[in-house]
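Here's the letter readout for the chains.
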Amino acid sequence: MIFEVLTIFPEIIENYLSSAIMKRAEQADVTHFHVRNIRDFALDKHHTTDDMPFGGGPGMVMKAEPVSAAIEFASSAHAPEKLPVVYLSPQGQTWNQALAREFSAMPGIILLCGRYEGLDERIIEKHVDLEISVGDYVLTGGELGALIMIDSITRLLPGVLGNSDSAQQDSFSEDGLLDCPHYTRPEFWNEMRVPEVLMSGHHAKIKEWRRQMSLLRTKSRRPDMWKNIESVLSKEDKKLLEIDTN
Ligand code: SAM
């Protein structure tokens, strides 16, 4: 999958992309990252990418010409493929695992990181296909949002995670549940013991316990998710919910 990232702080993106799983994905040819500095597309010798807002007020606004030129460069680099342009914005649709799954089936995306007060609105009108927010709070720039998108998509791409860290049992997987609790050695720690069933070697019972924990956790922690799951529970799941866990 192709990730084009347009930013005035490429080093923020590049640092993260050189770490563990992101690096492994690129080395395996599963992802292709292209990080472009919007400053390189500025028209003046000072590489200016922002200017004062029309109408007055605080802050600066990202200029249309360099951002537009960066988008056109990134788009044409993959023609005839038409990669969607996504602007990271607190005003966009909220990112979640279902969207990550949807995006992981695409050939690529162009991620546009804003700064200051944001982009000149005309860039959005001309180029942006979708605005994505990573939550109802305001960040200083779109880079963290772009990395959140890249990370959550990349770990869903075939061959990126090994068996040991498979995404299938993660929270928000297609079954709509939270993950179960996990334990590792030592068996006793701080007067706390690993649940006996996990030490039993009984695979069917372990699977059942994990499912039960996922159900109970989702029910108690995320009533909003539980609302959708409750009506489609299987007979087996209903039975698991009735078993006393103490
Ligand atoms: N004035 C803008 C507003 O209130 O909608 C906020 C601008 S913010 C300080 C600068 C940049 O950070 C934005 O252009 C956007 O790219 C990014 N950003 C901030 N919060 C974000 C969020 N929740 N999700 C995604 N990107 C965000």
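Overview of the structure.

The rules behind these values
- Residues numbered from 1 in each chain as written.
- Predicted model: local features only at pLDDT ≥ 70, side-chain atom pairs only at ≥ 80, totals over all residues.
- Heavy atoms only, no water.
- Helix = DSSP H or I, 4+ residues; strand = E, 2+ residues; numbered from the N terminus.
- Contact = heavy atoms within 4.5 Å.
- Salt bridge = Lys/Arg side-chain N within 4 Å of Asp/Glu carboxyl O.
- Core = buried A, V, L, I, M, F, W, Y, C linked by side-chain atoms within 4.5 Å.
- Buried < 20%, exposed > 50% of the residue type's maximum accessible area, 1.4 Å probe, protein only.

## Concerning the side chain of R36
Part 1 of the reasoning: Assignment of secondary structure puts R36 in strand 2 (residues 32–37).
Part 2 of the reasoning: With near-sequence residues (within four places) excluded, R36 lies in contact with E4, V5, L6, T7, F41, F73, A77 and H78.

## What about the pattern of salt bridges?
Part 1 of the reasoning: Applying the stated criterion to the full structure yields 11 salt bridges.
Part 2 of the reasoning: Two residues, K63 and D51, come together in a salt bridge whose shortest N-O distance is 3.9 Å. Highlighted residues: K63 in the loop between strand 4 (61–62) and helix 3 (64–76) and D51 in strand 3 (residues 50–51), separated in sequence by 12 residues.
Part 3 of the reasoning: Salt-bridge contacts for D224 lead to R222; the nearest nitrogen and oxygen are separated by 2.8 Å.

## Regarding the nonpolar core
Part 1 of the reasoning: Counting 29 residues, the largest nonpolar core has F3, W95, F103, I109, L111, M149 and I150 as its most contacted members.
Part 2 of the reasoning: Among the secondary structure elements, those contributing two or more residues to this core are strand 1 (2–7), helix 1 (10–17), helix 2 (20–27), strand 5 (85–94), helix 4 (97–103), strand 6 (108–113) and helix 6 (143–154).
Part 3 of the reasoning: Examining the composition of this core, we find that 5 residues originate from one element, helix 6, more than from any other.
Part 4 of the reasoning: Once you skip the residues sitting within four places of it in the chain, I109 turns out to touch M1, I2, F3, E4, L83, P84, V86, F103, M149 and I153.
Part 5 of the reasoning: Residues I2, L6, I8 and I124 belong to the second largest nonpolar core, which totals 19 residues.

## Section: unusual backbone geometry
Part 1 of the reasoning: The amide bond that connects A79 to the next residue, P80, takes the cis arrangement and shows omega of 10°.
Part 2 of the reasoning: Here P80 lies in the loop between helix 3 and strand 5.
Part 3 of the reasoning: Geometrically, the link from R185 to P186 is a cis peptide bond, its omega value of 5° lying close to zero.
Part 4 of the reasoning: With respect to the secondary-structure elements, P186 resides in the loop between helix 6 and strand 8 (188–189).
Part 5 of the reasoning: Residue H47 is not a glycine yet carries a positive backbone phi of 55°.
Part 6 of the reasoning: Looking at the secondary structure, you find H47 in the loop between strand 2 and strand 3.
Part 7 of the reasoning: By relative accessible area, which is 38% here, H47 ends up partly exposed.
Part 8 of the reasoning: Positive phi, normally seen in glycine, also occurs at F172, with a value near 65°.
Part 9 of the reasoning: The class of F172 is partly exposed, set by a relative accessible area of 36%.

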